[in-house]
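Okay, here's what each chain looks like letter by letter:
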Amino acid sequence: IDALMRLCRDAPRGAAMLRALDEHAPLWLAQMPSLVPRAKLRTLQRRTAGATRERMQRELMEALEAAAAEATLILWLEDLHWADVSTADWLAAFARRPETARLLVIATVRPAEAYADRHPLHALQDELRRQGQSRILPLGPLTGEAIGEYVAARFTPQAGAAQQLARLASEVHRRTEGSPLFM
């Protein structure tokens, strides 16, 4: 919901996403009251009373497919290993659809956590890999040079601050051992 709200507020794509939600996913739009005029919100709430989980899944699939018809949509999901069952179910349902959509899902996952408790994501990852719909890109530790590049891009260097940024990069590398997660 947070990601959808941010997308709806972003110009110019936001208007297209808002239209897609209004037409295809009123349940989702009803959960974002700041995006809807008060009178329309009451109508939405009446229209969506008593909805099921399956309807929510279907609505979101249709809305994202409609929004992606104009331009490719990228859905970035951080720490998917912490996702609830409904999110994993939605991803599985979306991936199993026979229709194609211009939607790229990028997710970060810590495999040890996803596999530890037999999270539903574990089975989904295996299924998607077998069907050629998924690719795992393992991240190794970052080098000191890569961390230096990141620090230089992240913090605007000021005159005479190059040595301080180099020390910061070195300290970050030492403390994190290059782990992107801890950096």
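Now for a description of the structure that goes with this document. (Residues numbered from 1 in each chain as written. Predicted model: local features only at pLDDT ≥ 70, side-chain atom pairs only at ≥ 80, totals over all residues. Heavy atoms only, no water.)

Some details on the packing of aromatic side chains
Thought 1: A full pass over the atoms with the stated rule returns 1 aromatic pair.
Thought 2: For Arg154, the ring lying beneath its charged end belongs to Phe155, and the centroid distance is 5.7 Å. (Phe/Tyr/Trp six-rings, centres within 6.5 Å; stacked < 30°, edge-to-face > 60°. Lys NZ or Arg CZ within 6 Å of the ring centre and 35° of its normal.)

Re the pattern of salt bridges
Thought 1: A full pass over the atoms with the stated rule returns 10 salt bridges.
Thought 2: Here Arg19 and Glu70 are joined by a salt bridge, their closest N and O atoms 3.9 Å apart. Residue Arg19 is found in helix 2 (residues 13-24), and its partner Glu70 is found in the loop between helix 5 (53-67) and strand 1 (73-77); the two are separated by 51 residues along the sequence.
Thought 3: We classify Arg19 as partly exposed; its relative accessible area is 44%.
Thought 4: The exposure class of Glu70 is exposed, given its relative accessible area of 56%.
Thought 5: Close ionic contact of Arg175 with Glu171 constitutes a salt bridge, the shortest N to O distance being 2.6 Å. Here Glu171 and Arg175 lie together in helix 10 (residues 162-176), a separation of 4 residues that amounts to about one turn.
Thought 6: Connected through shared salt-bridge partners, Glu65, Arg97 and Glu99 make up one network. (Salt bridge = Lys/Arg side-chain N within 4 Å of Asp/Glu carboxyl O. Helix = DSSP H or I, 4+ residues; strand = E, 2+ residues; numbered from the N terminus. Buried < 20%, exposed > 50% of the residue type's maximum accessible area, 1.4 Å probe, protein only.)

Describing the pairing of strand 2 (residues 103-107)
Thought 1: Two strands pair when backbone bridges link them, and strand 1 and strand 2 are joined in this way by 5 bridges, in the parallel orientation. Looking across to strand 2, one finds that Ile74 is bridged to Leu104.
Thought 2: Assessed by its sense of winding, the connection that carries the chain from strand 1 through helix 6 (residues 85-96) to strand 2 is right-handed. (Pairing = 2+ DSSP bridges. Right-handed = clockwise from strand over helix to strand, strands pointing away.)

Focus on the nonpolar core
Thought 1: One finds Leu4, Met17, Leu21, Trp28, Met32, Leu64 and Trp90 to be the most contacted residues of the largest nonpolar core, which totals 38 residues.
Thought 2: Only helix 1 (2-9), helix 2, helix 3 (26-30), helix 4 (38-47), helix 5, strand 1, helix 6 and helix 8 (120-130) provide two or more residues apiece to this core.
Thought 3: No other element matches the 6 residues that helix 6 contributes to this core.
Thought 4: Leaving out residues up to four positions away in the same chain, Met17 has contacts with Leu4, Leu7, Cys8, Ala63, Leu64 and Ala67. (Core = buried A, V, L, I, M, F, W, Y, C linked by side-chain atoms within 4.5 Å. Contact = heavy atoms within 4.5 Å.)

As for helix 1
Thought 1: Of the residues making up helix 1, those classed as buried are Leu4, Met5, Leu7 and Cys8. All buried residues of helix 1 fall inside an arc of 165 degrees around its axis, so they share one side. Residues of helix 1 that are exposed and point more than 90 degrees away from the buried face comprise Asp2, Arg6 and Arg9.
Thought 2: Each element contacted by the buried residues of helix 1 is listed here: helix 2, helix 3, helix 5 and strand 1. (Arc of directions from axis to C-beta.)

Some points on unusual backbone geometry
Thought 1: Of note, the phi angle at Asp79 is positive, near 50 degrees, even though the residue is not glycine.
Thought 2: Structurally, Asp79 can be placed in the loop between strand 1 and helix 6.

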